[in-house]
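Chain and residue survey
Residue-level listing of the chains:
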Amino acid sequence: MDNISLDILILEDDELQRKSMYDMLNGWGHKAVGCESLADARKLLEEGSYDLMFVDMMLPDGNGLELIAESQSSSMCSRMVLITAFADIKTAVDAIRLGAYDYLPKPFDEAQLKKIVRNISDKIKLGNSVASLTKLMLAGNEDVWQLDNMIGTEALKKIFDVARKVATTSDSTVLILGESGTGKGMLAKAMHRLSKRSDKPFIDINCSAIPAQLIESEIFGYEKGAFTDAKNKKPGLLELADGGTVFLDEIGDMELNLQSKLLKVIEDREFRRLGGARLTSVDVRILAATSRDLKDLASKGKFREDLYYRLSVVPITMPPLREHISSVMPLGEFYLKKFSREMGRDITGFSKNAIGAMLAYSWPGNVRELKNVIERSVILASGTEIDVDELGICDVRARKVSEVPEAAHNSAADMQIRPMSLAECEKKLIKSVLD
C-alpha cells in the first residue's frame, strides 16, 4: 500500500532531535512542523489540523501526557505518539490508556520512526478506501441501508432508524441484545459517532474479559493505599470517558457487587473510587450489550432487576444473520472488495456455487464469521472468483435450498447446493492450499 502525505506536528524541546525528525519526515514526502513547548503546540493545534503528532514527554512547561489526555476530550489531533527517554512499561501503558496511538522510546532509529508513520498512513488510507467502498456499495444497491460505517439490507433498516434517532436526540441508556458476532459493538460505536458526544472519548469495557479482581479498580479507579500495590491514586475508565460514551459489553457477566455501583452512576452520575471516601462526578452515556437473557438472570437473582430496567430504557435487538439471509451477499461483496484491495488481489466476485453455499449456510458465528470467511477466501483464492471450496464453510446445520428466503434464493437459482462434511471440507482446503 503506497503511503500518503501526512500533516505532522513535532513537539520536541531538543532542537537537534526535532530537526532530525523534521528532516526525515519531510524527506519521506510528509509536511512536518516543529515546536518546543506545550503552549506552542496548543496554539498550532487551534490554528490547523494534523494527521499525526509526536509528543515529547518531558517539556519546559509540563508533561506531554497532559496533551495526550486533552486530545481525548477535544478536537485536537486524534493520533498522538509519545516520545521519551524515560522508557518503561508503566509510562507506555499510561500513554496508551490516555489515548496515545503508539509509544516511541529515545533514542530511536530511522526504521522505528518510518514504521510508525507508515502504519498510520496505511490506516488513514484504508479508512478512506472503506468509506469509498461503502458509498459505492450503497450507490449500486438500493436495498442496502447504512448507519455510519455499518451496512445492511431492509431487515436492518428499522433497527438503524431507531439507533440513529436515539443517538441523535437523547442521552438515554441503550441495551443492545443479540448473539455473538451480530454487530452489537459496531452499533454502539456508530451511535457514539452520531451523537453529540462524538468528539469525546468512547471507552469500550468488556465485562467478561477483565478478571473479576481487577474490573472494579479498572472501571472506578482507586485511591492511594486502597490495596497493597496502590502506591498512587489512579482514575478509572469512567473518569477517562467523562463527556463521552461508555460501552459495557457482556454486561450480563458483571458481578452483583459492581452492579449496585453502576446503578448509582446511571442514576446519580457519581461514584466512589476503590478505597475512596468522597464522591466523584462524571458525565457519561451508558451503552450496554449482552448475548445473555438478562430478564431470566434477574429472575434467578444473578442480575439486579432494578439495573436491568435502568439499562433497557431503549432495548435494541440485533438479529442473527440467519434471520436476514438477504444481507449475506451485500455484506459478502463489501468485505470481498475491502480485503481484495488490502491484499492487492484482483478478485471480482463469487462463483454461482459459492453464492448458493453462502445463502444456504446458517452462519452460526453471524457477521463476524462471514467477515472471517471472506478474508480467508481472498487469501486462498486461485482465480478471479471465490469458489465454494475456498469458502470452507462446513455446517451440518446448513439450510435446505427451499428454506432460503425467496429474495435471497432468486440470486442463486438453479444451483446445486449440498453441505460438506468436516472431513471433506478439510480435505478440499488442504488441497487448495497445496495447489
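Structural notes, computed from the coordinates.

**Structural notes on the overall build of the chain**
Looking only at helices and strands, the chain has 18 helices and 20 strands in total. In the chain, which comprises 435 residues, the share counted as buried stands at 46%. Contacts spanning at least 24 positions in sequence make up 72% of the contacts within the chain whose residues lie at least 6 apart. Counting only carbon and sulfur atoms, one obtains 49% of the accessible surface of the chain, whose full area is about 21,500 Å².

**Comments concerning the sheet that holds strand β6 (residues 80-84)**
Read across the open sheet, the five strands follow the order β2-β1-β3-β6-β7; overall the sheet is parallel. Each having just a single partner strand, β2 (31-35) and β7 (102-105) make up the two edges of the open sheet. Here the average twist between neighbouring strands, direction ignored, is 20 degrees. Two strands pair when backbone bridges link them, and β6 and β7 are joined in this way by four bridges, in the parallel orientation. When the sheet's bridge partners are listed, leucine 82 is paired in β7 with tyrosine 103. Taken strand by strand, helix α3 (residues 64-71) contacts β1 (7-11), β3 (52-56) and β6, and its axis lies near 170 degrees from that of β6.

**Things to note about the side chain of serine 377**
Relative to the helices and strands, serine 377 is located in helix α15 (residues 366-380). Once residues within four sequence positions are removed from consideration, serine 377 is found in contact with Ile386, Glu390 and Leu391.

**So, the nonpolar core**
The biggest cluster of nonpolar side chains holds 30 residues, and the ones touching the most others in it are Leu238, Val246, Leu248, Ile251, Val284, Phe303 and Leu311. Looking at this core, the elements that each hand over two or more residues are β11 (202-206), α8 (212-220), α9 (237-240), β14 (245-249), α10 (256-268), β17 (285-290), α11 (294-299) and α12 (305-311). Here this core gets five residues from one element, more than from any other, and that element is α10. When neighbours within four sequence positions are excluded, isoleucine 251 is seen to be in contact with Leu175, Cys207, Leu262, Ala288, Ala289, Thr290, Leu294, Phe303 and Leu311. Core analysis: the next-biggest nonpolar cluster, separate from the first, contains 28 residues, Leu331, Tyr335, Phe350 and Tyr361 among them.

**What to know about the sheet that holds β11**
Reading across from one edge, β11-β14-β17-β10-β18 is the order of the five strands in this open sheet, with parallel pairing throughout. At either end of the open sheet lies a strand with only one pairing partner, and these are β11 and β18 (314-317). Geometrically, the sheet is characterised by an average inter-axis angle of 20 degrees between neighbouring strands, direction not taken into account. Note: β11 against β14, five bridges, orientation parallel. Across the sheet, the residue bridging to aspartate 204 is phenylalanine 247, located in β14.

**Focus: the pattern of salt bridges**
Per the counting criterion, the structure on display carries 18 salt bridges. Notably, a salt bridge pairs aspartate 23 with lysine 19, separated by 3.0 Å at the nearest N-O pair. Of this pair, aspartate 23 and lysine 19 both sit in helix α1 (residues 15-27), four residues apart, which is roughly one turn of the helix. The class of aspartate 23 is partly exposed, set by a relative accessible area of 40%. A salt bridge links arginine 304 to aspartate 306, with the nearest nitrogen and oxygen atoms 2.7 Å apart. Given a relative accessible area of 29%, arginine 304 falls into the partly exposed group. Residue class for aspartate 306 comes out partly exposed when judged on its relative accessible area of 33%.

**What to know about the packing of helix α13 (residues 328-343) against helix α14 (residues 352-360)**
Remark: α13 packs on α14, axes separated minimally by 10 Å, with the N-to-C direction vectors making an angle of 125 degrees. The angle between α13 and α14 falls in the class oblique. α14 is crossed by α13, and the crossing has right-handed handedness. Contact with α13, carried on its side by Val328, Met329 and Gly332, involves Ile355, Met358 and Leu359 of α14 and no other residues of that element. Classifying every residue of the contact of α13 with α14 by side-chain character gives five nonpolar, one polar and no charged.

**Remarks on α10**
The α-helix advances 3.6 residues per turn, and as a result positions three or four apart in sequence lie on the same side. With 13 residues, α10 extends 19 Å from end C-alpha to end C-alpha; this agrees with the ideal 18 Å at 1.5 Å per step. By the burial criterion, the buried members of α10 are Leu258, Gln259, Lys261, Leu262, Leu263, Val265 and Ile266. Summarising the contacts, the buried residues of α10 are in contact with α8, α9, β14, β15 (270-271), β17 and α12. Downstream of α10 by one or two residues, arginine 269 has phi in the positive range, about 60 degrees.

**Overview of the environment of isoleucine 83**
Examined against the element boundaries, isoleucine 83 turns out to sit in strand β6. As for isoleucine 83 and leucine 11, which are separated by 72 residues in sequence, their C-alpha atoms are 9.2 Å apart. When near neighbours in sequence (up to four residues on either side) are disregarded, isoleucine 83 contacts Leu11, Glu12, Met21, Phe54, Val55, Asp56, Met57 and Leu104.

**What to know about the environment of valine 282**
Mapped onto the elements of the fold, valine 282 is located in the loop between β16 (280-281) and β17. C-alpha of valine 282 to C-alpha of glycine 244: the two residues are 38 residues apart in sequence and 9.8 Å apart in space. For valine 282, the residues in contact, after removing those within four places along its chain, are Leu238, Glu239, Asp242, Val265, Arg269 and Phe271.

**A closer look at the packing of aromatic side chains**
Using the criterion set out here, one finds six aromatic pairs in the structure. Relative to phenylalanine 247, the ring of phenylalanine 202 has its centre 6.3 Å away and its plane inclined at 20 degrees; by these criteria the two rings are stacked. Linking phenylalanine 202 in strand β11 with phenylalanine 247 in strand β14, this pair joins segments that are 45 residues apart in sequence. Plain terms: the ring middles of phenylalanine 220 and phenylalanine 271 are 5.6 Å apart, the flat faces sit at 55 degrees to each other, and that makes the pair tilted. With phenylalanine 220 in helix α8 and phenylalanine 271 in strand β15, the pair connects residues that are 51 residues apart, well separated along the chain. The two residues phenylalanine 220 and phenylalanine 271 agree in class, both being buried. A connected cluster of aromatic rings, assembled from ring pairs, spans Phe334, Tyr335 and Phe339. Looking at lysine 261, its charged tip hangs above the ring of phenylalanine 220, at a distance of 4.3 Å from the centre.

Reading the values: the criteria
Residues numbered from 1 in each chain as written. Predicted model: local features only at pLDDT ≥ 70, side-chain atom pairs only at ≥ 80, totals over all residues. Heavy atoms only, no water. Helix = DSSP H or I, 4+ residues; strand = E, 2+ residues; numbered from the N terminus. Buried < 20%, exposed > 50% of the residue type's maximum accessible area, 1.4 Å probe, protein only. Contact = heavy atoms within 4.5 Å. Areas by Shrake-Rupley, 256 points an atom, 1.4 Å probe, with all protein chains shown as cover. Pairing = 2+ DSSP bridges. Axes fitted to C-alpha atoms, helices over the stretch in contact; angles between N-to-C directions. Core = buried A, V, L, I, M, F, W, Y, C linked by side-chain atoms within 4.5 Å. Salt bridge = Lys/Arg side-chain N within 4 Å of Asp/Glu carboxyl O. Parallel < 35°, antiparallel > 145°, perpendicular 65-115°, else oblique. Left-handed = near helix turned anticlockwise from the far one by under 90°. Nonpolar A, V, L, I, M, F, W, Y, C, P; charged D, E, K, R; others polar. Expected span 1.5 Å × (residues − 1). Phe/Tyr/Trp six-rings, centres within 6.5 Å; stacked < 30°, edge-to-face > 60°. Lys NZ or Arg CZ within 6 Å of the ring centre and 35° of its normal.

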